[in-house]
Amino acid sequence: MSRRVKTGIQGLDELINGGFPEGRVILVVGGPGTGKTVLAAQFLYKGITDYNESGIYVSLDESKNHYFSEMQTFGWDFKKAEEEKKFVFLDATRMPRSELQKEKIFGEPSSLRAKQLPIDRLIEDLEEKARQIDAKRVALDTLATLFHRFPDPVERRMIAVDLVESLSELGITTLITTELSRLGLDRDVSIEEYMAHGVIVMQTLFSEGVISRALQVEKMRGTKINPNCVPYTIDKNGIQIFPDVPLFGRS
Ligand SMILES: Nc1ncnc2c1ncn2[C@@H]1O[C@H](COP(=O)(O)OP(=O)(O)OP(=O)(O)O)[C@@H](O)[C@H]1O
Ligand SMILES: [Mg+2]
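Residues numbered from 1 in each chain as written. Chains lettered and ligands numbered in written order. Predicted model: local features only at pLDDT ≥ 70, side-chain atom pairs only at ≥ 80, totals over all residues. Heavy atoms only, no water.

(A) Helix α8 (residues 153-170), seen in detail. Here α8 spans 26 Å end to end across 18 residues, near enough to the 26 Å set by a 1.5 Å rise per residue. Restricting attention to buried positions, one finds in α8 the residues Glu155, Ile159, Ala160, Asp162, Leu163, Val164, Ser166 and Leu167. Within two residues after α8, Gly171 carries a phi angle of roughly 70°, on the positive side. (Helix = DSSP H or I, 4+ residues; strand = E, 2+ residues; numbered from the N terminus. Expected span 1.5 Å × (residues − 1). Buried < 20%, exposed > 50% of the residue type's maximum accessible area, 1.4 Å probe, protein only.)

Encoded structure:
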């Protein structure tokens, strides 16, 4: 069994036999406001403070200042971690936008190759930064933003395959957040879910007027998992998972 990387999220290690498999790519899937960004940030921050592992946050839709101040509400001082060279905020928010601008100005969509180039550059940047701070953890937030650029399902699949493959090759434990469009047994399983080594689904459930947050480990290759849907909370300390508490207070 591969070495386990402690997630830093209370209750999660228990569900996945001690932690994420080292060097693998894990997808965090969930609707808006389910806590994907918080989970990814907690994984990075606890890595730095509790396990002495540097981390990189690849942002596709949030500015650095906004991210730093939002995470400060949990007491996570990413600015300090950055100053100590244990953290890098990789701003990829302008990458997709600049390409979109070009499309607008020239009135024709750029070729698939031209669209893929920014992803190659992103991976190169990531590799360089990872070397500089000896990063052991990466979080990319969120794939959904990147997908908005690729309405064509074929292009989207190619981008997803390219990105997950490239990130796997880096050999750094990586979380990728993405949106969940449909729930239930008949939901579409996307190419990136097949490709990723692990998939964690976060949901907000409504039952008899009660709102509950529920998390499920859908898969984690090479790992004995607890596949139950279990409750979690988000408070001032971040995310906490309760593997032994039944959902909706019933057993
Ligand atoms: N300081 C805090 N204390 C308690 N709960 C908080 C705090 N900050 C945020 N939250 C909760 O966390 C949720 C947002 O989490 P997060 O931003 O990680 O969601 P997300 O899945 O990334 O959403 P999106 O898809 O919009 O990016 C909010 O719905 C809010 O309820
Ligand atoms: Mg988010």
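Picking up after the structure, the text goes on.
(B) Fine view of the environment of Thr7. Turning to its location among the elements, Thr7 is positioned in the loop between β1 (4-5) and α1 (12-15). Note on Thr7: relative accessible area 0%, which makes it buried. When the C-alpha atoms of Thr7 and Lys46 are compared, they prove to be 7.8 Å apart, with 39 residues separating the residues in sequence. With sequence-adjacent residues up to four places away left out, Thr7 is seen in contact with Leu12, Asp13, Ile16, Gly19, Phe20, Gln42, Phe43 and Arg137. Polar contacts involving the side chain of Thr7 include one to the main-chain amide nitrogen of Ile9, which spans 3.1 Å. (Contact = heavy atoms within 4.5 Å. Polar contact = N/O pair within 3.5 Å; in protein donor to acceptor, adjacent residues only side chain to side chain.)

(C) Representation of the sheet that holds strand β5 (residues 87-91) in the model. A sheet is described by the order of its strands in space; here 9 strands give the open sequence β5-β4-β6-β7-β3-β8-β9-β10-β11, paired in mixed fashion. Looking at which strands have only one partner, the edges of the open sheet turn out to be β5 and β11 (238-241). With strand direction ignored, the average angle separating the axes of adjacent strands in the sheet is 25°. Both strand β10 (residues 229-235) and β11 contribute to a ladder of 4 bridges, which runs antiparallel. Counterpart to Tyr232 in the pairing with β11 is Ile241. Contacts from helix α2 (residues 36-51) reach β3 (25-30), β4 (54-59), β5, β6 (135-141), β7 (173-179), β8 (198-207), β9 (210-220), β10 and β11, with the element oriented near 165° to β6. Lying on the sheet, helix α3 (residues 64-72) is in contact with β4 and β5; it crosses β5 at an angle near 135°. (Pairing = 2+ DSSP bridges. Axes fitted to C-alpha atoms, helices over the stretch in contact; angles between N-to-C directions.)

(D) Looking closely at the site of ligand 1. Taken together, 14 residues are adjacent to ligand 1, and Gly33, Gly35, Lys36, Thr37 and Val38 come closest. Val38 has a polar backbone atom sitting 2.9 Å from an oxygen atom of ligand 1. With respect to ligand 1, the side chain of Arg213 contributes an N or O atom lying 3.1 Å from an oxygen atom. In isolation ligand 1 exposes 640 Å². Once the protein is present, 62% of that is buried. Every element with two or more residues in the shell around ligand 1 is listed here: α2 and β10. Top contributing element to the shell around ligand 1 by residue count: α2, with 3 residues. (Near = heavy atom within 4 Å. Areas by Shrake-Rupley, 256 points an atom, 1.4 Å probe, with all protein chains shown as cover.)

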